[in-house]
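Chain residues, written in single-letter form:
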Amino acid sequence: MKLNKIALSIVLGSTLVACGGGSSNTTQSNETNPTDLPEIVPPTPAPVVNSQTINGQLVVPISITTSARRAINPIQARSAECPNVPDGYLPLNSATVELKNAAGENVGDSVATNTCGEFTFVVAEDLVANIEQVVANKEGFKSIISDIENFLAANAAKLVSTAEADAVYELTGFRKTSDNSVNFIITDSKSKKAVIGLPESAFSFSLDALPLTVNNVVGSQNIANDSTTLALALDSSGSMDIPVSDANGAVISAPDGNAHTRYSLVASSTHQLVDMTKANDPNATISVTLFSSHIYPLVDETITEYLSLFNVNGDQISYSINSPTGFVNDTSTLHTLIDLYSPQSEMYDPWWGPVITRHEDRVDSIASIDFYPFSGGTAFYDAIDSAINQLVDAQVAKPAIVALTDGEDNTSVNTPEDIIAKANQYNIPVTVIAAGDDLKPESTEAMQNIAAETGSAYFDATNIAALGGFLAGISTRVTFNYNADFSQTFVSGQKLTISLTLSDGSVVTYPEQVLP
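As the structure is a computational prediction, the values presented were derived from the model and not from experiment.

Peer 1: Got a minute to help me understand the side chain of Lys-278 in this structure?
Peer 2: Topologically, Lys-278 is positioned in helix H4 (residues 262-280). No salt bridge is formed by the buried Lys-278, whose closest oppositely charged neighbour, Asp-281, lies at an N-O distance of 6.8 Å. A polar contact is formed between the side chain of Lys-278 and the backbone oxygen of Pro-282, at a distance of 2.6 Å. If we skip the residues at most four places from it in the chain, Lys-278 touches Asn-283, Ala-284, Asn-329 and Thr-331.

Now the structure itself:
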């Protein structure tokens, strides 16, 4: 969520109030609707002469299970009750928030967050200089201890998050962004979503085992023009038509009552990824590439060459994504491309599996297509190579790739080693999702290596029913991450180590990262 779009505050992990963040009628039992709870209104402080307002908002990530359920059926609009809660998160109500000085003593009275997780302090200006931290607590969740500057700076988004008490904070993304700066992602182990608003004081760094002074650590939501350019590579091979079941063997039903196929579930989950990413960062741009035996970037040339499009009157029409690079900002166009991906879309008039109606946000005139031309084998590595080329040609500042496949690569010219070398040459992280249950160990190892060696993460979606949860987590990682700047110039081959001090005083030191 970019600053000029939405102002937030502190984020705490909870499953209490299901408003905001891509709403749905299907939630876990502990993720209730805020309208079911009495609104807690923070007490209005007495008027203070020469005062300063310190305010924020606490949120918690939605669980993987709930995100997955939301991907199976159409997703409704963001909640009107709490519109500033980022998609993928819930507000944390009834949390106790305190202002602390350097000695750990309270400055003034504590307040409680309301049903949207918001809090407000009005503090005398002569006391503001004494405040060091904002501390928030809620039973069952990690405490928040955040630098007061996160809530005073004019450009601060005022958004911080936590997770359930037994969750672990993990380093799941890393890339060098210049000769003296890096970008990295912290997620929690339970929701797989980004941890937002960790303070600069919580991080420490070392370079080749020697302490390294950092100039600043800033969350991407507090940086203008820091949007990610995301290249999606989606498997369109013939095996994607297999019906989908959950971990217990129960069929996962599509909205029309028929069993979801891998095609339709991937499409539905990707629709959710688009909605979440664009809601949290309206400036993000996304491309869609399909792959089977061949590579099909969904650009004007591909659409014109492979698809015969017709309107409701049966007249043949043309369609343009209005982007020379293939990266699209317009949300409705992205939903059209995802519908084009799935042969279960009603415009293909599928004769098997579910029939998925057109996404409600589409504004194109496409009513039917004569046949689905994108099926075949699996050129997974070549698809990633194509995505790298597309990002390089577009000359983007913050590139990322998400590549999803359900099976073995059987037609690529490129090897995993080729992909790792090329991605690192251009400093592009590659997230890999294995969405099948028939992958050989050597293929799984190759996919894990691609993700790890390019500074990203591998997701095992053997239980493809959870796919929507994983893609929702990836969406938050794209939007909410950290940029660290240093005075020292990096040299290729040096090893950077990041450590994170948690609110309980414990320190997590992550595996060293070799700088390209």
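The structure having been displayed, the exposition proceeds.
Peer 1: When you look at the sheet that holds strand S7 (residues 144-147) in this model, what are you seeing that I'm missing?
Peer 2: Picture the strands of a sheet paired through backbone hydrogen bonds; they go either parallel or antiparallel. Here 4 strands make up an open sheet; going across it, the order is S4-S3-S6-S7 and the pairing antiparallel. Edge positions in the open sheet fall to strand S4 (111-112) and S7, since each of these has one partner strand only. Where strand S3 (residues 96-101) and S4 come together, 2 bridges link them in antiparallel fashion. What sits directly across from Val-97, in S4, is Val-111.

Peer 1: Before we go on, may I ask you to explain the packing of H4 against helix H10 (residues 467-479) in this structure?
Peer 2: Describing two packed helices takes the angle between their axes plus the distance from one axis to the other. The geometry of H4 relative to H10 is characterised by a closest axis approach of 9 Å and an angle of 25° between their N-to-C directions. Here H4 is positioned roughly parallel relative to H10, judged by the angle of their axes. Relative to H10, the crossing made by H4 is right-handed. Across the interface between the two elements, Leu-265, Val-266, Ser-269, Thr-270, Gln-272, Leu-273, Met-276, Thr-277 and Asn-280 from H4 touch Leu-467, Gly-468, Leu-471, Ala-472, Ile-474, Ser-475, Thr-476, Val-478 and Thr-479 from H10. Of the residues contributing to the contact of H4 with H10, the split by class is 9 nonpolar, 9 polar and no charged.

Peer 1: Before we go on, may I ask you to explain the environment of Phe-203 in this structure?
Peer 2: Along the chain, Phe-203 turns up in strand S11 (residues 203-207). With a relative accessible area of 7%, Phe-203 lands in the buried category. C-alpha of Phe-203 to C-alpha of Val-217: the two residues are 14 residues apart in sequence and 8.1 Å apart in space. Those residues in contact with Phe-203, other than ones at most four positions away along the chain, are Phe-184, Ile-186, Leu-198, Val-217, Tyr-482, Ile-498, Ser-499 and Leu-500.

Peer 1: What should I look at first to understand the sheet that holds strand S16 (residues 295-297) in this one?
Peer 2: If you walk across this open sheet you meet the 6 strands as S16-S15-S14-S20-S21-S22, and the pairing is mixed. Each edge of the sheet is formed by a strand with only one pairing partner; in this case those strands are S16 and strand S22 (458-460). Ignoring which end each strand starts from, the neighbouring axes of this sheet average 15° apart. Bridge analysis of strand S14 (residues 229-235) against strand S15 (residues 285-291) gives 7 bridges, and the strand direction is parallel. The partner of Ala-231 across the bridge, within S15, is Ser-287. Along the sheet, H10 makes contact with S14, strand S20 (399-405), strand S21 (430-434) and S22, crossing S21 at roughly 175°.

Peer 1: What should I look at first to understand H10 in this one?
Peer 2: Each turn of an α-helix holds 3.6 residues, which means side chains three or four residues apart point in the same direction. A rise of 1.5 Å per residue sets the reference length of H10, with its 13 residues, at 18 Å; its end C-alpha atoms lie 19 Å apart and thus fit the reference within 8%. With 13 of 13 residues buried, H10 lies mostly within the body of the structure.

Peer 1: Would you mind going over the confidence of the model for the protein with me for this structure?
Peer 2: Any residue range with low pLDDT should be treated as having predicted coordinates unsuitable for detailed reading. Residues at a pLDDT of 70 or more form 89% of the protein, whose mean pLDDT is 88. For the stretch residues 1-37, pLDDT sits under 50, and the model shows 175 contacts to residues farther than four places along the chain or on other chains.

Peer 1: Just to check I follow, could you spell out the pairing of S7 for this structure?
Peer 2: In the case of a regular strand, side chains alternate between the two sheet surfaces. Summarising the sheet, strand S6 (residues 131-137) and S7 pair through 4 bridges and their orientation is antiparallel. If you follow Val-134 over to S7, its bridge partner there is Ser-146. Here S6 hands over to S7 after 6 residues, with Gly-140 in that stretch at a positive phi of 95°.

Peer 1: Explanation requested: unusual backbone geometry in the structure shown.
Peer 2: Excluding glycine, residues mostly carry a negative phi; peptide bonds, for their part, are mostly trans. With a phi close to 65°, Lys-192 is a non-glycine residue in the positive phi region. Along the chain, Lys-192 turns up in the loop between strand S10 (181-188) and S11. A relative accessible area of 26% places Lys-192 in the partly exposed class.

Peer 1: For this particular structure, what's the right way to read helix H6 (residues 331-341)?
Peer 2: Most of H6 sits out of view: 10 of its 11 residues are buried. Among the residues of H6, Ser-332, Thr-333, Leu-334, His-335, Thr-336, Leu-337, Ile-338, Asp-339, Leu-340 and Tyr-341 are the ones counted as buried. As for H6, its buried residues are in contact with S14, H4, S15, helix H5 (300-306) and strand S19 (368-369).

Peer 1: Looking at this structure, I do not really get the packing of aromatic side chains. What am I missing?
Peer 2: For any pair of aromatic rings, geometry is given as the distance between the ring centres together with the angle between the planes. Taken as a whole, this structure holds 21 aromatic pairs when the rule is applied. When the centroid spacing of 5.8 Å and the interplanar angle of 70° are considered together, the rings of Tyr-263 and Tyr-372 count as edge-to-face. Of this pair, Tyr-263 sits in helix H4 while Tyr-372 sits in the loop between S19 and helix H7 (380-394); the two residues are 109 residues apart in sequence, bridging distant segments of the chain. Relative to Trp-352, the ring of Trp-351 has its centre 5.3 Å away and its plane inclined at 55°; by these criteria the two rings are tilted. Judged by relative accessible area, which is 76%, Trp-351 ranks as exposed. Three or more aromatic residues link up through ring pairs in this structure, and these residues are Tyr-263, Tyr-296, Tyr-306, Tyr-341, Tyr-348, Tyr-372 and Phe-374. A cation over a ring is seen here: Lys-142 above Tyr-169, with NZ or CZ 5.5 Å from the ring centre.

Peer 1: Would you explain the environment of Leu-99 in this entry?
Peer 2: Tracing the sequence through the fold places Leu-99 in strand S3. A relative accessible area of 1% places Leu-99 in the buried class. A C-alpha to C-alpha distance of 6.0 Å links Leu-99 and Gln-133, two positions 34 residues apart in sequence. The residues touching Leu-99, leaving out its near neighbours within four places in the chain, are Ile-54, Glu-105, Asn-106, Val-107, Phe-121, Val-123, Ile-131, Gln-133, Val-134 and Ile-148.

Criteria and thresholds
- Residues numbered from 1 in each chain as written.
- Predicted model: local features only at pLDDT ≥ 70, side-chain atom pairs only at ≥ 80, totals over all residues.
- Heavy atoms only, no water.
- Helix = DSSP H or I, 4+ residues; strand = E, 2+ residues; numbered from the N terminus.
- Buried < 20%, exposed > 50% of the residue type's maximum accessible area, 1.4 Å probe, protein only.
- Lys, Arg positive; Asp, Glu negative; His and termini not counted.
- Salt bridge = Lys/Arg side-chain N within 4 Å of Asp/Glu carboxyl O.
- Polar contact = N/O pair within 3.5 Å; in protein donor to acceptor, adjacent residues only side chain to side chain.
- Contact = heavy atoms within 4.5 Å.
- Pairing = 2+ DSSP bridges.
- Axes fitted to C-alpha atoms, helices over the stretch in contact; angles between N-to-C directions.
- Parallel < 35°, antiparallel > 145°, perpendicular 65-115°, else oblique.
- Left-handed = near helix turned anticlockwise from the far one by under 90°.
- Nonpolar A, V, L, I, M, F, W, Y, C, P; charged D, E, K, R; others polar.
- Expected span 1.5 Å × (residues − 1).
- pLDDT = per-residue confidence, 0-100.
- Phe/Tyr/Trp six-rings, centres within 6.5 Å; stacked < 30°, edge-to-face > 60°.
- Lys NZ or Arg CZ within 6 Å of the ring centre and 35° of its normal.

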